[in-house]
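What the coordinates show
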Amino acid sequence: MKTFLKLFIASGVITFLFSSCKKTNEAGRMIPKNALFVAQVNIKSMDSKLSWAELQQTAWYKKAYSDSSAAEWRKKILENPSASGIDFDEGLIFFGAKDTTGYYIAAAGKLKNINDFEAFNKNFDPSQVVLKTGNIHLLILKDKNVVGWNDKDFIYVMNPATTSSQLYKWNDSTGSQYGNITDDRSADLAAICKTLFSLKSSASLVENEQFSSLLKEKGDVHVWQNNEEIIKSAPSMGMLSMIKLDAFTRDNIFTYTIDFNNGKIDISQKIYVSKELSDVLKKYMGNSINKDMIKNIPSTIVFGIFAFNFKPEGFKELIKLTGTDGLINTYTQQMGFNLDEISKATNSDWLLAFSDFKMGNDSLKYKNGMADDSEGNRYNMPEFNYIFSVGIGDKSSLQKIINAVAKIGALTGNNPMANYVMNNKTFAVGNTTSFANQYLSGSKNEFDFMNKFSDHPVGFFLDIHQLLSGLSSMAVKDPNKQNLLEQSLKTWKNITTSGGEFMDNGFRFHTEINFIDQQTNALKLLNNYLDEIYKISEARKQQSNKKLDSLLTPPPSDTVRPK
């Protein structure tokens, strides 16, 4: 009896531990596991950073609220979104998927008041009647989209063709992969809606460990991007269909956690790939970017950097995964080298950098494409320096590759190796030989973004403010365009990405989108910027309307008409 009791307790403990360790998430309950993308928005968190009261001060809100033709129920929702019956504190989830009937977009969330929610949706088309099947209420909305709800949850299921036509005014009379906007898919969408309410765990994201892990990360928005399903759903890829891409597409998922902080938007990204691809990347991914390569850039005004540390043998292994290594070897041997020499030619250090951005001089660039547009704005060709550099592994193998590329360049009349230089350690090609030689000489410059690259195998930097400053030298007569440029200069600073390490079964990256104002929350800054853009857009509309009115206004009656 004691033995049986011990076994009973032990089995109970094991069952409890197993069920406790199994990762599930409530948010994934009504999302199909083959969803192309998912975005979970934490409204409560975002409201603490940008309140509805602040949004009510924007120009777009004031125009919408003051619209005399707007129905009273719309104004009521604008005053208090919770009057819709939606519990915004529980957040919202948006996702896109495809079933046997086609693509659809869905928006889901929790209900705060079921009666308010029903009344809110009936406003869109009062002629429609709520249908009930089991505990699910269904209602056909404007443009034949559908909403369903029970006593706790709701889901809007929409035809992408109708939603895209509203967003982009796109009307393809021949239809598209998303369906024709004139198609009535309400029956299909209603069936999808009912299915989503009764998804089995095995058919949803509720037990997906990667999705569960994403939702546990602190952030305002969580995004799930299933690249495998997106590629499967894409039309024929032509020549790419001849290449074996299974290792690259299988289990390929990107996740993003977006957090709006003071002066910046933080984006934590994780990339999941197939075991075959993961094994190659883990084996050949380096430890850290070579900072000396960055320091050698002969300019202190760098606006773009992409640097990484990856063993060249890895490129050969990646090509093998596609099954095209034999074909490529046959082709390269005709050019005087092979895949093994590509692996030996360089070491692990790679760099592409851009600097000294400016708009070209009028007198020099006029014959090369400078022109005035219809509004009299003058646009020059941009000028900048660039450098592409790699560390040298085997110099003789590298020379064979350089000769082959130069031979191809000679045939096409565009030799990318025209300005290359190298010593015993480094190969570099620039926009000019002089700039490339200065790079090899070593400038030992320091850059603020280098601290973000420390101990990471991949780094990216883009100085948005420097690019905008260069564009500001253009002779722009349109005050609205000038205003847009000035607002952008006041807002945007730079973007930095670093990472590449393999952690928790995926490759991690972190991106910062930095603003000029480092003290104010990024969500407020973004709201202010978009509001200014809206004002500029409205000003342009008014100017266009005035111009059109002047053209349509008939001449005075006493005007003498020529015979």
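See the structure printed just above.
Report on the accompanying structure.

In terms of regular secondary structure, the protein is built from 23 helices and 20 strands. Counting across all 563 residues of the protein, residues that qualify as buried make up 42%. Residue pairs in contact within the protein that sit at least 24 positions apart in sequence constitute 72% of those at least 6 positions apart. Taken as a whole, the protein presents about 31,200 Å² of accessible surface, with 56% of it coming from carbon and sulfur.

As paired elements, strand β12 (residues 346–359) and strand β15 (residues 382–392) share nine bridges and run antiparallel to each other. Its bridge partner being in β15, alanine 353 is matched across the sheet by isoleucine 387. Sheet analysis places β15 next to strand β17 (residues 426–430), joined by five bridges and oriented antiparallel. Its bridge partner being in β17, glycine 391 is matched across the sheet by threonine 426.

With a phi close to 60°, aspartate 356 is a non-glycine residue in the positive phi region. Along the polypeptide, aspartate 356 turns up in strand β12. Positive phi outside glycine occurs at asparagine 505, with the angle close to 70°.

A word on the packing of helix α12 (residues 275–284) against helix α14 (residues 313–322). Their axes nearest at 9 Å, the elements α12 and α14 cross at an angle of 170°. Accordingly, the angle class assigned to the pair α12 and α14 is roughly antiparallel. In this structure, α12 uses Glu276, Leu277, Val280, Leu281 and Tyr284 to contact α14, whose residues at the interface are Glu313, Gly314, Glu317, Leu318 and Leu321. Residues belonging to the contact of α12 with α14 are distributed by class as follows: six nonpolar, one polar and three charged.

One ladder, built from five bridges, connects strand β11 (residues 302–309) with strand β18 (residues 458–462); its direction is antiparallel. Its bridge partner lying in β18, glycine 304 is registered against leucine 462. Bridge analysis of β18 against strand β19 (residues 492–503) gives five bridges, and the strand direction is antiparallel. Within β19, the residue paired with phenylalanine 460 across the bridge is threonine 497.

Following both chains from N to C, one finds helix α21 (residues 464–471) and helix α22 (residues 479–491) inclined at 155°, their axes separated by 9 Å at the closest point. Looking at the two axes, α21 sits roughly antiparallel to α22. In terms of crossing hand, the pair formed by α21 and α22 is left-handed. Contacts between α21 and α22 involve His465, Leu468, Ser469 and Leu471 on the former and, on the latter, Leu485, Ser488 and Leu489. Of the residues that constitute the contact of α21 with α22, the class distribution is four nonpolar, three polar and no charged.

A word on helix α9 (residues 209–216). Structural remark: α-helix, 3.6 residues per turn; residues separated by three or four positions point the same way. Looking at α9, one finds that the buried residues are Phe211, Ser212 and Leu214. Axial view of α9: buried residues confined to an arc of 155°, hence all on one face. Among the exposed residues of α9, those pointing more than 90 degrees away from its buried face are Glu209 and Lys216. Against the buried residues of α9 lie β1 (37–41), β8 (221–226) and β9 (253–261).

Here we take up a nonpolar patch on the surface. A cluster of nonpolar side chains, Leu484, Leu530 and Ile533, forms an exposed patch at the surface whose accessible area comes to about 230 Å². With respect to the helices and strands, the residue isoleucine 533 is situated in helix α23 (residues 522–552).

Below, the discussion takes up the environment of valine 280. Within the fold, valine 280 resides in helix α12. Accessibility expressed as a relative area gives 10% for valine 280, which makes it buried. C-alpha separation for the pair valine 280 and phenylalanine 315, spaced 35 residues apart in sequence, amounts to 9.1 Å. Dropping the residues within four chain positions of it, valine 280 is found in contact with Gly314, Glu317, Leu318 and Leu321.

Any two side chains of opposite charge can pair if their charged atoms end up close together. Counted according to the given criterion, the structure contains 26 salt bridges. Residue lysine 524 is joined to glutamate 54 by a salt bridge in which the shortest nitrogen-to-oxygen separation is 2.6 Å. Placement of the pair is lysine 524 in helix α23 and glutamate 54 in helix α3 (residues 52–55), with a sequence separation of 470 residues. Using a relative accessible area of 24% as the deciding quantity, one classes lysine 524 as partly exposed.

So, on to the packing of aromatic side chains. Counting across every chain of the model gives 26 aromatic pairs. Ring centres of phenylalanine 120 and phenylalanine 124 lie 5.3 Å apart, and the angle between their planes is 75°; this geometry places the pair in the edge-to-face category. Residue phenylalanine 120 is classed as buried on the basis of its relative accessible area of 13%. Ring centres of phenylalanine 154 and tyrosine 156 lie 5.7 Å apart, and the angle between their planes is 75°; this geometry places the pair in the edge-to-face category. Of the two residues, phenylalanine 154 and tyrosine 156, both sit in the buried class. Sitting over the face of the ring of tyrosine 65, lysine 75 holds its NZ or CZ atom 5.6 Å from the ring centroid. It is lysine 282 that lies over the ring of phenylalanine 502; its NZ or CZ is 4.5 Å from the centre.

A word on the environment of phenylalanine 124. Position of phenylalanine 124 among the secondary structure elements: in the loop between α6 (114–122) and β4 (131–133). Note: C-alpha distance between phenylalanine 124 and aspartate 143 (19 residues apart in sequence) is 9.9 Å.

It is worth spelling out α22 at this point. With 13 residues, α22 should reach 18 Å at 1.5 Å per residue; the first-to-last C-alpha distance of 18 Å fits that figure. For α22, every residue scored as buried is listed here: Asn480, Leu485, Gln487, Ser488, Leu489 and Thr491.

Here the focus is the side chain of lysine 270. Inspection of the secondary structure assignment puts lysine 270 in strand β10 (residues 264–272). An unpaired buried charge is present at lysine 270: no salt bridge exists, and aspartate 504, the closest side chain of opposite charge, is 4.0 Å distant. Reaching out from lysine 270, the side chain makes a polar contact with the backbone oxygen of methionine 503 at a distance of 3.2 Å. Sequence-distant contacts of lysine 270, defined by excluding residues within four places in its chain, comprise Ile253, Phe254, Thr255, Met503, Asp504, Gly506, Phe507 and Arg508.

What counts and what doesn't
Residues numbered from 1 in each chain as written. Predicted model: local features only at pLDDT ≥ 70, side-chain atom pairs only at ≥ 80, totals over all residues. Heavy atoms only, no water. Helix = DSSP H or I, 4+ residues; strand = E, 2+ residues; numbered from the N terminus. Buried < 20%, exposed > 50% of the residue type's maximum accessible area, 1.4 Å probe, protein only. Contact = heavy atoms within 4.5 Å. Areas by Shrake-Rupley, 256 points an atom, 1.4 Å probe, with all protein chains shown as cover. Pairing = 2+ DSSP bridges. Axes fitted to C-alpha atoms, helices over the stretch in contact; angles between N-to-C directions. Parallel < 35°, antiparallel > 145°, perpendicular 65-115°, else oblique. Nonpolar A, V, L, I, M, F, W, Y, C, P; charged D, E, K, R; others polar. Left-handed = near helix turned anticlockwise from the far one by under 90°. Arc of directions from axis to C-beta. Patch = residues over 30% accessible without salt bridge, like charges linked within 9 Å, V, L, I, M, F, W, Y side chains within 5 Å. Salt bridge = Lys/Arg side-chain N within 4 Å of Asp/Glu carboxyl O. Phe/Tyr/Trp six-rings, centres within 6.5 Å; stacked < 30°, edge-to-face > 60°. Lys NZ or Arg CZ within 6 Å of the ring centre and 35° of its normal. Expected span 1.5 Å × (residues − 1). Lys, Arg positive; Asp, Glu negative; His and termini not counted. Polar contact = N/O pair within 3.5 Å; in protein donor to acceptor, adjacent residues only side chain to side chain.

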